[in-house]
Amino acid sequence: MTALLQRRSLMLWLAASSAPSAYGQPAAPWPTRPLRIVVPYAAGGPADVAARQLATELQRSLGQPVTVDNKPGADGNIGTAEVAGANDGHTLLMGSLGTHVINPLLWRRLPYDAVKDFAPISLVATVPLVLVINPGVAQALGVRSVSDLVHAATNQPGRLHIASGGNGNTTHLSGELFKRLTQTYMLHFPYRSAASAQQDVIAGNMDLMFDALPSALPQIKAGKLLALGVTSARRSPSLPELPTVEEAGGPALKGYEASAWIGLFSPSSQPAEQLARLQRDSVAALAAPALRERLTHRGMLVHGSGGPEFAALIAAETAKWARVMQLSGVKVDR
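The residue numbers shown here count from 1 along each chain, following its written sequence. Given that this is a predicted model, residues contribute local features only at a pLDDT of at least 70 and side-chain atom pairs are listed and counted only at 80 or more, while totals for whole chains, interfaces and linings are drawn from all residues. Calculated side-chain values reflect all of the structure's heavy atoms, with hydrogen atoms and water omitted.

Q: Could you clarify how one ought to interpret the side chain of His 90 in this entry?
A: Strands here are runs of E lasting at least two residues and helices are runs of H or I lasting at least four, both read from the DSSP assignment and numbered beginning at the N terminus. Assignment of secondary structure puts His 90 in the loop between helix H3 (77-84) and strand S3 (91-96). We call a residue buried when its accessible area falls under 20% of the maximum for its residue type, exposed when it is over 50%, and partly exposed in between, using a 1.4 Å probe and counting protein chains only. For His 90, a relative accessible area of 5% corresponds to the buried category. For His 90, the side chain forms a polar contact with the main-chain nitrogen of Thr 32, separated by 3.1 Å. Polar contacts involving the side chain of His 90 include one to the main-chain carbonyl oxygen of Asp 88, which spans 2.9 Å. We call two residues in contact whenever any of their non-hydrogen atoms come within 4.5 Å of each other. Not counting chain neighbours up to four residues away, the residues in contact with His 90 comprise Trp 30, Pro 31, Thr 32, Arg 33, Pro 34, Leu 35 and Arg 36. Polar contacts, as counted here, are pairs of nitrogen or oxygen atoms within 3.5 Å of one another; within protein the pair requires one atom able to donate a hydrogen and one able to accept it, and residues that are adjacent in sequence qualify only if both atoms are side-chain atoms.

Encoded structure:
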């Protein structure tokens, strides 16, 4: 009788142990519906292109459609703020150096906290800039290299006019870092967009600029712009014959690097197991040869890193550009 009761108690215990409980239910399947990657910029730019390529790969591994939603405005702040407030577990952000480093340093009031509101998933790609000059200006000044440009700017302070896509953005800060390291003075003219600045350099109304490589590449190949150097730490596969600014600039530009970057973020409320899956699947997606080839063809350098490495990059970039802004007196009235 005692053995029977013991056997029955054991069976009841096993049944209770196998049943789900309020404290130990298996994790619900995720994702349960389509995911959305918000791009806080207009369609066609590097962040948009990278998001669409990544979405195609992610939907294969996640088993759900992944759509891209462009929410441009206020230098990326509108779309970024929307994702910061999302708590549906299915909304992601293709953020950038602008949204997570430059804007927090320049804007007095932001509608999001770049650190507290987001969890870094993976660095997706770096986007080198390229130092370009109007070919006629280059010929008149005898400029064929970065070192020639430094020589011309040193000998004629204020003679050269450098355009940018706007105060405080990457095309501006790259030039400020260049001027700071070379101790040269060139007049800065901010435009409402990098595309407008580029057109004026081509037309000869401006002398030179630091432009995003993907947008400058067609103009360089057409001979409308003369490329002097890329701003990345290593040469770009898109223009392997073109040296880096550091390579071509001499001792003053040792260590010069000013690439923009784009990366995938989730709201900080994303559960840890979902975040881990997103990180794992994103790194795998960015290793896909077809994706890497398509983004490299557009002038990007493809990465794929874990969250901690991405967070460390953001912290290092924040310190670097804060220093450049402080020394150059860069301010934006916002």
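Let us keep going from here.
Q: What is the right way to look at the environment of Gln 270 in this model?
A: Relative to the elements of secondary structure, Gln 270 occurs in the loop between strand S10 (260-267) and helix H11 (272-286). On a C-alpha basis, the gap between Gln 270 and His 90 in space is 8.8 Å, while along the polypeptide they are 180 residues apart. Residue contacts for Gln 270: discarding those within four places in its chain leaves Trp 30, Gly 89, Thr 91, Leu 275 and Leu 278. A polar side-chain atom of Gln 270 sits 3.0 Å from the main-chain carbonyl oxygen of Gly 89.

Q: Before we go on, may I ask you to explain empty space enclosed by the protein in this structure?
A: A probe matching the size of a water molecule, rolled over the atoms, marks out where space remains unfilled. With a 1 Å grid laid over protein atoms only, a set of points is called a cavity when a 1.4 Å probe fits there but cannot get out and a pocket when it is open yet has protein on both sides within 12 Å along at least five of seven lines; lining residues have an atom within 4 Å of a point. Grid points are joined across faces, edges and corners, and a volume is the space filled by probe spheres set on the points. Taken as a whole and judged by the stated rule, the model has one cavity of 30 Å³ or more. Here the largest cavity is characterised by a volume of approximately 30 Å³. Taken together, Ile 162, Ala 163, Ser 164, Thr 171, His 172, Gly 175, Glu 176, Lys 179 and His 188 form the lining of the largest cavity. When residues of the lining of the largest cavity are traced back to their parent elements, those giving at least two are strand S6 (161-164) and helix H7 (170-182). Element by element, the count of residues in the lining of the largest cavity is highest for H7, at five residues.

Q: Would you explain the sheet that holds strand S1 (residues 35-39) in this entry?
A: Strand pairing in a sheet takes place through backbone hydrogen bonds and is either antiparallel or parallel in direction. Taken in spatial order, the six strands line up as S2-S1-S3-S10-S4-S11 in an open sheet, and their pairing is mixed. Pairing within the sheet leaves two strands with one partner each, and these edge strands are strand S2 (66-70) and strand S11 (301-302). The criterion for strand pairing is that DSSP finds at least two bridges linking the strands in question. Where S1 and S2 come together, five bridges link them in parallel fashion. When the bridges of S2 are listed, Val 39 appears paired with Asn 70. Together, S1, S2, S3, strand S4 (118-127) and S10 form the strand contacts of helix H2 (residues 46-62), whose direction differs from that of S2 by roughly 160 degrees. Only the stretch in contact is used when a helix axis is fitted, and all axes are lines through C-alpha atoms; the angle between N-to-C directions ranges over 0 to 180 degrees. Running at roughly 140 degrees to S3, H3 makes contact with S1, S3, S4 and S10 of the sheet.

Q: What is the right way to read helix H13 (residues 307-328) from this model?
A: The periodicity of an α-helix, 3.6 residues per turn, causes residues three or four places apart in sequence to face the same way. Helix span is expected to be 1.5 Å times the residue number reduced by one. Here H13 is 22 residues long and its end C-alpha atoms lie 31 Å apart, about the 32 Å a rise of 1.5 Å per residue gives. Buried within H13 are the following residues: Gly 307, Phe 310, Ile 314, Glu 317, Trp 321, Val 324 and Met 325. Viewed end-on, H13 has its buried residues packed into an arc of 110 degrees, placing them on one side of the element. Projecting away from the buried face of H13 at angles above 90 degrees are the exposed residues Pro 308, Ala 319 and Gln 326. Here the buried face of H13 lies against helix H4 (97-106), S4, H7, S10 and H11. The first or second residue beyond H13 is Gly 329, which carries a positive phi of 70 degrees. Arc, as used here, means the arc of the directions from the helix axis to the C-beta atoms.

Q: Quick question: what am I supposed to make of the pattern of salt bridges here?
A: Oppositely charged side chains may form a pair once their charged atoms are brought near each other. Definition used for salt bridges: Asp or Glu carboxyl oxygen within 4 Å of a side-chain nitrogen of Lys or Arg. Enumeration over the complete set of coordinates arrives at 12 salt bridges. For the salt bridge of Asp 281 with Arg 277, the shortest nitrogen-to-oxygen distance reads 3.6 Å. With Asp 281 and Arg 277 both in helix H11, this residue pair falls four residues apart, about one helical turn. Look at Asp 281 and you get buried, because its relative accessible area is 10%. Of the residues examined, Arg 277 reaches a relative accessible area of 23% and is grouped as partly exposed. Arg 280 is the salt-bridge partner of Asp 281, the closest N and O atoms lying 3.9 Å from each other. Its relative accessible area of 52% is what places Arg 280 among the exposed residues.

Q: Help me understand the packing of aromatic side chains, please; the structure alone is not making it clear to me.
A: Aromatic ring pairs are reported here in terms of the distance separating the ring centres and the angle at which the planes meet. Only rings of Phe, Tyr and Trp enter the pairing, Trp through its six-membered ring, and a pair is recorded when the two centres are within 6.5 Å. The plane angle decides the type: under 30 degrees is stacked, over 60 is edge-to-face, the rest tilted. Applying the stated criterion across every chain, the model contains seven aromatic pairs. Here Phe 178 and Tyr 256 contribute two aromatic rings whose centre-to-centre distance is 6.3 Å and whose plane-to-plane angle is 85 degrees, an arrangement assigned as edge-to-face. Remark: Tyr 256 occurs in the loop between helix H10 (245-249) and S10 and Phe 178 occurs in helix H7; sequence separation between them is 78 residues. According to the relative accessible area criterion, Phe 178 is buried, its value standing at 1%. Consider the rings of Phe 265 and Phe 310, whose centres lie 5.0 Å apart with planes at 45 degrees: the pair is tilted. Placement of Phe 265 in strand S10 and of Phe 310 in helix H13 is noted, with a sequence separation of 45 residues between them. Across the pair, Phe 310 and Phe 265 agree in class, each one buried.

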